[in-house]
Amino acid sequence: MKMASSITIPRRLPLLLVTDNVLLPGSSMRIPVRSIRNMNMIKSRLLGRNTLSSTVIGVIPKQQKAELDDEEVTSLHPIGTAAVVVQITGTNWPRPAYTLLVTGLCRFKVDKLLQESPYPVATVTQLDKLVADDKVYDTSDEELNSLAENFREQAAKLVEMLDVSIPVVAKLKRMLESLPSQHLPDVCAAIVKSSYNEKLQVLDAIDLTERFNKALPLLMRQIEGLKLLQKARKDGKVEIITRRESNRPINMRQAFRKLNTPNLQDEDDGEIEDLDEIVDMEQKIKASKMSEEAHKAAMKELKRLKKMPQHMPEHAMIRNYLELMVELPWSKGTKDALDIVQARKDMDVDHYGLDKLKKRVLEYLAVRQLKNTLKGPILCFVGAPGVGKTSLGKSIANTLGREFHRIALGGVCDQSDIRGHRKTYIGSMPGRIIQGLKTVGVNNPVFLFDEIDKLSRGVHGDPAAALLEVLDPEQNHSFVDHYLNVPFDLSQVLFIATANNMATIPAALLDRMEVIQIPGYTVEEKIHIALRHLIPKQLEEHGLSEEKLQIPEDTVKIIVTNYTREAGVRKLERRLAAICRAVAVRVAEGISKSRHEKLEASEGDKKEILNDSLTDIDSHTASTLAHPPEMPIVIDDAALEDILGPAMYEPESKERLQQPGVAVGLAWTAMGGEIMFVEASRVENTEREGKLTLTGQLGDVMKESANLALNWVRAHSKQLSLNLTGDLLNNTDIHIHFPAGAVGKDGPSAGVTITTVLVSLFSGRCVRSDTAMTGEITLRGLVLPVGGIKDKVLAAHRAGINRIILPKRNEKDLHEIPDNIRKDMCFIFATKLADVLNSAFEDGFPALSAQVLTESKL
């Protein structure tokens, strides 16, 4: 590097104030422009010029202090550096922001400040001579010659310790070989690691001898630090990352970063921490035991991170990506507890009933004992709310000894929730599956996809389609999240999905899961669940115990039958919680009453009793306060009505079926089975042909069933002795209504019920009040099978109906119904509508039965 010869700087210079940094002659530096005065100087003196190299400015160091205004210029440092502006980078949007690349020329002294606003300008005196001659100083000064020669030797020694293969180091070596001696202190002080005050001392050293004396200790300190690093590396205490083999010379930039000298700038400390993080990250990548493809991708990103400045936005994105990669459980898993006997006991303790589900879990454990590489099953629990689907997932995880993670899918409409975002986007993140694996820390947890039937499709894709790969045992061993962009093995994960209704699950997704129906609980099952699980749980949550509150089994049965009518037990738990709250008020009032009685004692003993009541030093007093004499409180029928009010549900079928045109049907909903009263009426109309009106928010299938039933009754009106003269619709309007009109209804299973209602309406005969029915019909009078038999039967049992008409082909479904329920019920199986009508009415229809018998013989 050769300096320009015979250069004289202008007497008037615009000043650029640099905070906490020093520009030395012969060195280059990037200066971010932040203050208003610096910004004004750039706009006025630099922007819009064709050539920047002819523009000389004065760079004045300024130390940032909390008590001084950043714009204060009255107390300038007396010595500065004249510099030429090499480059200006920046933007004007959304607000002006510039960075200057400047090269120092020589020192100057500020003589007088000419102006402060809009930017400072001063008259200066040049202190250094800008000539290329190496004999600018007095060669007869032996001390100065010795200092210069020693300084050049030490600078050469520093360069020899660095990796000369690096272009910047090779350039530095060539520059030092040709650099005039008077410029050595400034250049070396700029490249070695030094504090703000140390560089300021070099700048203030106008005399060359003093300058050598100020810069030489900085150079020697750098050399000693590099020697210590080399020794530590040989001893194996410090790992220095170089571009090539470990026996190469030290990389200059990394070596400078590694030195931990006192009074360094905060940004240098940040660079040291950044290098330490990279070293730790590489060790974590090696220790994570990730797949070969993932390891290759991680090392590629790590190399990019090494070359990237810390202030770049992509630096943080790559670091976050690598942190996720090393935190994922690529090969870490838990060992399954394969004791089948203990597993059966654990599941029986956690849940009552549900034998079909428990059997499936035990089958999985048995096969795992025989084959360790068994892939995790993909189960789907379908049932009404409150039957314990989510808690079953937790129980299975505890039984297997695995970690449990729940992912709520209700309302999810973005496929990125499953697959993640591309990491090129700002704010990108992995999908919830990868995040869940990171949370649990093992690769074989139990994942619960809650409410999988409530996924929706949005403008950002279909999450149900994204789940196809996750829930496919043939594909999920190489699941690719968009954020990771490398395969991850999900084959050891046990996936469990929950749903209330299978109709809203896409067929392709449903085909990948093993569906297990979880029907509603019977009255007996609810009583057992309340006594074994719900009551102890509510007592603990409300700070009560069995010594304070007792709820007998008969009371629980009344709550189940008269205050709840649901497939699950959530409403039952809320009723028990209401009882506990009422008792808690009673207990608290008793404690307060006892304390007031103590305080209202005789005047002579008042002070002593007050102290006893506040400090509870008397054990008998404490026992009395904790257990008032009326404990325990036993909840009977009267107390139950006082707390919960009158019974909410009472048998009503007998009252509603005491008139023609009403029958009880059985329906299945997402909330479980329900009984459904179907009502019909007719109105005389002599002006026009009769019509059929349907109300109750019915679906298309149910409307078609009503038309089908009406046409069958019209076709068989003579056999039913309904109308011997003409059509049933002559001068007659028919209205069929399904109560609970706010609830949508659809499906073909109401066909037999609508037919029975119409026959009852036109014949004037009442349907039996103890009978409910379900089944699909055809135009020829056949009764076809329907679904949800167990839920429907349980609903009828809850409503007090013990006689049910079912399609003959549904007889096989009765094995799912508990034995105690089947003993209480009477089931009638029908193949034709004649069987239904003969069973629904007291005396039946002999003429219709005879016709059916004749048709059967033919």
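Note that the coordinates shown come from a computational prediction; the quantities given were computed from them, not determined experimentally. (Residues numbered from 1 in each chain as written. Predicted model: local features only at pLDDT ≥ 70, side-chain atom pairs only at ≥ 80, totals over all residues. Heavy atoms only, no water.)

A few points about the overall build of the protein
Consideration 1: The helix and strand inventory of the protein stands at 30 helices and 24 strands.
Consideration 2: The 858 residues of the protein split such that 48% are buried.
Consideration 3: Look at the contacts in the protein between residues 6 or more apart in sequence, and 73% of them connect residues 24 or more apart.
Consideration 4: For the protein, the exposed area adds up to about 42,700 Å²; of that, 50% sits on carbon and sulfur atoms. (Helix = DSSP H or I, 4+ residues; strand = E, 2+ residues; numbered from the N terminus. Buried < 20%, exposed > 50% of the residue type's maximum accessible area, 1.4 Å probe, protein only. Contact = heavy atoms within 4.5 Å. Areas by Shrake-Rupley, 256 points an atom, 1.4 Å probe, with all protein chains shown as cover.)

Notes on the sheet that holds strand 12 (residues 494–499)
Hydrogen bonds between backbone groups are what pair the strands of a sheet, and the pairing can be parallel or antiparallel.
Consideration 1: Here we have 5 strands laid out as an open sheet, ordered 8-9-12-7-13, and parallel in their pairing. Where the open sheet ends on each side, the last strands, each with one partner, are strand 8 (404–408) and strand 13 (514–518). Within this sheet the neighbouring strands show an average axis-to-axis angle of 20°, counted without direction.
Consideration 2: Inspection of the sheet shows strand 7 (residues 378–383) paired to strand 12 by 5 bridges, in the parallel sense. In the sheet register, Cys380 faces strand 12, and the bridge partner there is Ala497. (Pairing = 2+ DSSP bridges. Axes fitted to C-alpha atoms, helices over the stretch in contact; angles between N-to-C directions.)

Section: the pattern of salt bridges
Consideration 1: One pass over the structure, following the stated rule, counts 25 salt bridges.
Consideration 2: Taking the shortest distance from any N to any O, the salt bridge between Asp128 and Arg211 comes out at 3.6 Å. Of this pair, Asp128 sits in the loop between strand 6 (121–126) and helix 2 (142–160) while Arg211 sits in helix 6 (residues 208–234); the two residues are 83 residues apart in sequence, bridging distant segments of the chain.
Consideration 3: One salt bridge connects Glu198 with Arg221, and the closest N-O pair in it is separated by 3.0 Å. (Salt bridge = Lys/Arg side-chain N within 4 Å of Asp/Glu carboxyl O.)

Description of the packing of aromatic side chains
Consideration 1: Summed over all chains, the structure comprises 5 aromatic pairs.
Consideration 2: Aromatic side chains Phe447 and Phe495 sit 6.0 Å apart centroid to centroid with 80° between the ring planes, which places their arrangement in the edge-to-face category. Placement of the pair is Phe447 in strand 9 (residues 446–450) and Phe495 in strand 12, with a sequence separation of 48 residues.
Consideration 3: With relative accessibility at 1%, the residue Phe495 sits in the buried group. (Phe/Tyr/Trp six-rings, centres within 6.5 Å; stacked < 30°, edge-to-face > 60°.)

Quick notes on the pairing of strand 7
Consideration 1: Counting buried positions over the 6 residues of strand 7 gives 6, a clear majority of the element.
Consideration 2: The alternating pattern of strand 7 places Ile378, Cys380 and Val382 and Leu379, Phe381 and Gly383 on opposite faces, both of which are buried.
Consideration 3: In this sheet, strand 13 lies alongside strand 7 in parallel orientation, the contact comprising 5 bridges. Across the sheet, residue Gly383 finds its bridge partner in strand 13, namely Ile518.

What about the packing of helix 2 against helix 6?
Consideration 1: Contact geometry of helix 2 with helix 6 gives a least axis separation of 10 Å together with a crossing angle of 25°. Relative to helix 6, the element helix 2 lies roughly parallel. Considering only the axes of helix 2 and helix 6, their crossing is left-handed. Only Leu208, Thr209, Phe212, Asn213, Ala215, Leu216, Leu219, Met220, Gln222, Ile223 and Leu226 of helix 6 make contact with helix 2, whose side of the interface consists of Glu143, Leu144, Leu147, Ala148, Asn150, Phe151, Gln154, Ala155, Lys157 and Leu158.
Consideration 2: For the contact of helix 2 with helix 6, the per-class residue count stands at 14 nonpolar, 5 polar and 2 charged. (Parallel < 35°, antiparallel > 145°, perpendicular 65-115°, else oblique. Left-handed = near helix turned anticlockwise from the far one by under 90°. Nonpolar A, V, L, I, M, F, W, Y, C, P; charged D, E, K, R; others polar.)

Notes on the side chain of Arg575
Consideration 1: Considering the arrangement of structural elements, one finds Arg575 in helix 20 (residues 570–599).
Consideration 2: With residues near it in sequence (within four places) discarded, Arg575 still touches Ile559, Tyr563, Thr564, Leu644 and Met648.

Structural notes on the packing of helix 5 (residues 196–204) against helix 6
Consideration 1: It is the contact of helix 5 with helix 6, at a shortest axis distance of 8 Å, that shows an interaxial angle of 150°. Where helix 5 crosses over helix 6, the handedness of that crossing is left-handed. Residues Glu198, Gln201 and Val202 of helix 5 pack against Arg211, Lys214, Ala215, Leu218 and Arg221 of helix 6.
Consideration 2: Split into classes, the residues belonging to the contact of helix 5 with helix 6 amount to 3 nonpolar, 1 polar and 4 charged.

Brief notes about unusual backbone geometry
Consideration 1: In this structure, the amide linkage connecting Ser117 to the following residue, Pro118, adopts the cis form with an omega of 5°.
Consideration 2: You will see that Asp20, though not glycine, has its phi angle at about 55°, which is positive.
Consideration 3: Positive phi outside glycine occurs at Glu451, with the angle close to 60°.
Consideration 4: In this fold, Glu451 is placed in the loop between strand 9 and helix 16 (463–470).
Consideration 5: We classify Glu451 as partly exposed; its relative accessible area is 25%.

A short note on helix 26 (residues 751–763)
Consideration 1: The end-to-end C-alpha distance of helix 26, which contains 13 residues, comes to 18 Å, matching closely the 18 Å that a straight helix rising 1.5 Å per residue would cover.
Consideration 2: Counting buried positions over the 13 residues of helix 26 gives 12, a clear majority of the element.
Consideration 3: If you check which residues of helix 26 are buried, you get Gly751, Val752, Thr753, Ile754, Thr755, Thr756, Val757, Leu758, Val759, Ser760, Leu761 and Phe762.
Consideration 4: Positive phi appears at Gly764, one or two residues downstream of helix 26, with a value of about 75°. (Expected span 1.5 Å × (residues − 1).)

A closer look at a negative patch on the surface
Consideration 1: On the surface, Glu553, Asp554, Asp636, Asp637, Glu641 and Asp642 cluster together into a patch of negative charge.
Consideration 2: Looking at the negative patch, the elements with two or more residues in it are helix 19 (553–562) and helix 23 (637–644).
Consideration 3: No other element matches helix 23, which puts 3 residues into the negative patch.
Consideration 4: Its location among the elements puts Asp642 in helix 23. (Patch = residues over 30% accessible without salt bridge, like charges linked within 9 Å, V, L, I, M, F, W, Y side chains within 5 Å. Lys, Arg positive; Asp, Glu negative; His and termini not counted. Charge placed at Lys NZ, Arg CZ, Asp CG, Glu CD.)

Some points on the environment of Arg37
Consideration 1: By the element assignment, Arg37 lies in helix 1 (residues 36–45).
Consideration 2: Residue Arg37 is classed as buried on the basis of its relative accessible area, which comes to 18%.
Consideration 3: Placed 83 residues apart in sequence, Arg37 and Pro120 show a C-alpha to C-alpha distance of 7.4 Å.

Examining the environment of Pro807
Consideration 1: In this structure, Pro807 sits in strand 23 (residues 803–807).
Consideration 2: Note: C-alpha distance between Pro807 and Ala830 (23 residues apart in sequence) is 5.0 Å.
Consideration 3: Residues in contact with Pro807, not counting those within four places in the same chain, are Thr774, Gly775, Val783, Leu784, Pro785, Val786, Phe829 and Ala830.

Some remarks on helix 13 (residues 389–400)
Consideration 1: With 12 residues, helix 13 should reach 16 Å at 1.5 Å per residue; the first-to-last C-alpha distance of 17 Å fits that figure.
Consideration 2: Inspection of helix 13 places Lys389, Leu392, Gly393, Ser395, Ile396, Ala397, Thr399 and Leu400 among the buried residues, and these make up the whole buried set.
Consideration 3: Looking one or two places after helix 13, you find Gly401, whose phi comes out positive at around 75°.

A few points about the confidence of the model for the protein
Consideration 1: Overall, the prediction assigns the protein a mean pLDDT of 81, with 83% of residues at 70 or greater.
Consideration 2: This model gives residues 613–629 a pLDDT under 50, and the stretch forms 10 contacts once residues within four places in sequence are excluded. (pLDDT = per-residue confidence, 0-100.)

Description of the side chain of Glu301
Consideration 1: Following the sequence through the fold, Glu301 ends up in helix 9 (residues 292–307).
Consideration 2: For Glu301, a relative accessible area of 10% puts it in the buried group.
Consideration 3: Ignoring sequence-local partners within four residues, the contact set of Glu301 consists of Ile318, Tyr321, Leu322 and Lys423.

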